[in-house]
Amino acid sequence: MIKQLKRVDLPEDLCWWFHPDFNLIDPMSACDEERGYTPEEWEELQANSNIDILIDTSVDLEEIDPNANGEWKGFVPTPPSPEHFLMASFDTEHLDSAVFWWAKERLPHSVQQSLKEVP
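Residues numbered from 1 in each chain as written. Predicted model: local features only at pLDDT ≥ 70, side-chain atom pairs only at ≥ 80, totals over all residues. Heavy atoms only, no water.

Draft legend 1. Region of the structure containing the packing of aromatic side chains. All told, the structure shown has 13 aromatic pairs when counted by the stated rule. Taking 5.7 Å as the distance between ring centres and 10 degrees as the angle between the ring planes, the aromatic pair formed by F18 and F90 counts as stacked. Residue F18 is found in strand 1 (residues 17-18), and its partner F90 is found in strand 3 (residues 85-91); the two are separated by 72 residues along the sequence. In this structure F18 comes out as partly exposed when scored by relative accessible area, which is 29%. F90 sits in the buried class, given a relative accessible area of 12%. Here a set of aromatic residues connected by ring pairs shows up, and it is made of W16, F18, F22, Y37, W42, F90 and W101. (Phe/Tyr/Trp six-rings, centres within 6.5 Å; stacked < 30°, edge-to-face > 60°. Helix = DSSP H or I, 4+ residues; strand = E, 2+ residues; numbered from the N terminus. Buried < 20%, exposed > 50% of the residue type's maximum accessible area, 1.4 Å probe, protein only.)

Below you can see the structure in the form of structure tokens.
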């Protein structure tokens with residue numbers, strides 16, 4: 001198991017791309033696309049890599065892949081903040097939008113506890 005998922009250089013085509021270390025943090029080794037993650041597995045995925053994941057479905061698939069040919073070459077999504085980095089990008093038949101998983105490093109547990117104590 002790795003302790004921290006880190007930012008990596010992105011490929012030219014982000015269609016069905018996952019972070020190269022994704023298999024090292026995934027509690028299911030490969031998520032069953034039909035079932036998805038349980039809440040416990042989703043938390044384990046984030047805890048194993050010391051990140052919080054934000055799911056973004058706001059980008060219309062037509063913007064990225066107007067010809068529906070499965071190529072997203074040249075498209076670079078905008079992270080929700082400078083601290084976020086891309087860990088997965090894909091489409092789904094359930095949505096007309098792209099799906100981006102944005103990761104952000106979690107604060108150390110001691111810092112999280114200190115912040116809770118601040119009034």
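From this point, things continue past the structure.
Draft legend 2. A look at the sheet that holds strand 2 (residues 51-56). On the basis of which strands lie adjacent, the open sheet formed by four strands has the order 1-3-4-2 and antiparallel pairing. Strands at the two margins of the open sheet, each flanked by one partner only, are strand 1 and strand 2. As paired elements, strand 1 and strand 3 share two bridges and run antiparallel to each other. Looking across to strand 3, one finds that W17 is bridged to S89. This element, helix 2 (residues 39-49), spans strand 2 and strand 4 (98-105) of the sheet and lies at about 130 degrees to strand 2. (Pairing = 2+ DSSP bridges. Contact = heavy atoms within 4.5 Å. Axes fitted to C-alpha atoms, helices over the stretch in contact; angles between N-to-C directions.)

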